[in-house]
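# Structural description and commentary
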Amino acid sequence: MATREENIKKINAKLEAMSDSELDQVAGGTYSEVAGDSRFLNDIGTGCDRYGATRTFFEYGSISDEVSDAWKKAGVTMVSSWGGQNKYFDKNNNEISRNKAMKIAAKAFNKDFTKLDMQNYF
């Protein structure tokens, strides 16, 4: 049986091999994605706190609101869904992928998207 670290390495290798358009099709959502968003938004400097999936599960309402506010600081509107797919919108209210939202947010805070450790946000 593979260790957790070995499984993460396998997943990351598959993600790295995917094109941006393939990554855009990866299903997201849920309280777990909100937790990942909090860590991403913290790393780029929005002031959002960092949350894990377990805490987000139990405190979804307040954490989701904090994450949504942090996305707004980065020029993205996020509509969360506890059990479904979150939705992301650009400044023109066009729905965009989570990956695209992250790129917009990183640029807004002058962060190099390619240097962020994406495994921390899933």
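One numbering rule holds for all chains: residues counted from 1, following each sequence as written. A pLDDT threshold of at least 70 governs which residues receive local features in this predicted model, and a stricter bar of 80 or more applies before side-chain atom pairs are shown or counted, although totals over entire chains, interfaces and linings include all residues. Side-chain numbers here rest on the full set of heavy atoms in the structure, without hydrogens or water.

## Comments concerning the side chain of T56
Each helix is a run of DSSP H or I of at least 4 residues and each strand a run of E of at least 2, with the numbering of both proceeding from the N terminus. Tracing the sequence through the fold places T56 in helix α4 (residues 53–58). For T56, a relative accessible area of 0% gives the class buried. Each residue touching T56, except ones within four places of it in the same chain, is listed here: Y31, V34, A35, Y51 and I63. Burial status follows relative accessibility: with a 1.4 Å probe on protein chains alone, a residue under 20% of its type maximum counts as buried, one over 50% as exposed, and anything between as partly exposed. Residue contacts are counted whenever heavy atoms from the two residues lie within 4.5 Å of one another.

## Concerning the packing of helix α3 (residues 30–44) against helix α5 (residues 60–73)
The axes used here are C-alpha line fits, helices contributing only the stretch in contact, and every angle between their N-to-C directions lies in the interval 0 to 180 degrees. With their axes 10 Å apart at the nearest point, α3 and α5 run at an angle of 45° to one another. Taken together, α3 and α5 sit at an angle that is classed as oblique. Our pair here, α3 against α5, has a crossing hand that is left-handed. Contacts between α3 and α5 pair Y31, V34, D37, S38, F40 and L41 from the former with Y60, I63, S64, V67, A70 and W71 from the latter. Under this scheme an angle from 65 to 115 degrees is roughly perpendicular, one under 35 degrees roughly parallel, and one over 145 degrees roughly antiparallel; angles in between are oblique. Handedness of a crossing is defined here by the sense of rotation of the near helix relative to the far one, left-handed for an anticlockwise turn of less than a right angle and right-handed for a clockwise turn.

## Some remarks on the confidence of the model for the protein
pLDDT gives the predictor's per-residue confidence on a scale running from 0 to 100. For the protein, per-residue confidence averages 84 on the pLDDT scale, and residues scoring 70 or more make up 80% of the total. Here residues 23–28 is modelled with pLDDT under 50, and outside its nearest four sequence neighbours on either side it reaches 11 contacts, counting other chains as well.

## A word on the nonpolar core
Think of a nonpolar core as a cluster: buried Ala, Val, Leu, Ile, Met, Phe, Trp, Tyr and Cys residues, connected wherever their side-chain atoms sit within 4.5 Å. Residues F40, L41, V67, W71, Y88, M102 and L116 are the most contacted members of the largest nonpolar core, which totals 24 residues. Every element with two or more residues in this core is listed here: α3, α5 and α6 (98–108). At five residues, α5 tops the list of elements feeding residues into this core.

## What to know about the packing of aromatic side chains
Two aromatic rings, drawn from Phe, Tyr or Trp (for Trp, its six-membered ring), form a pair once their centres lie within 6.5 Å of each other, and the interplanar angle then sorts them: stacked below 30 degrees, edge-to-face above 60, tilted otherwise. Tallied over the full model, the rule gives five aromatic pairs. Aromatic pair W71 and Y88: ring centres 5.4 Å apart, planes at 70°, arrangement edge-to-face. Linking W71 in helix α5 with Y88 in strand β2 (residues 87–89), this pair joins segments that are 17 residues apart in sequence. A relative accessible area of 0% means that W71 is categorised as buried. Clustering of aromatic rings is evident, with ring pairs tying together F40, W71, Y88 and Y121. Note on geometry: a ring has a charge over it if NZ (lysine) or CZ (arginine) is within 6 Å of the ring centre and within 35 degrees of the ring normal. Over the face of the ring belonging to F122 we find R98, whose NZ or CZ atom lies 5.6 Å from the ring centre.

## Considerations on α6
Taken together, the buried positions of α6 are R98, N99, A101, M102, A105 and A106. When α6 is viewed along its axis, its buried side chains cluster within an angular range of 155° and face the same direction. Just past α6, the residue N110 takes up positive phi, approximately 55°. Note that the arc is computed from the directions linking the helix axis to the C-beta atoms.

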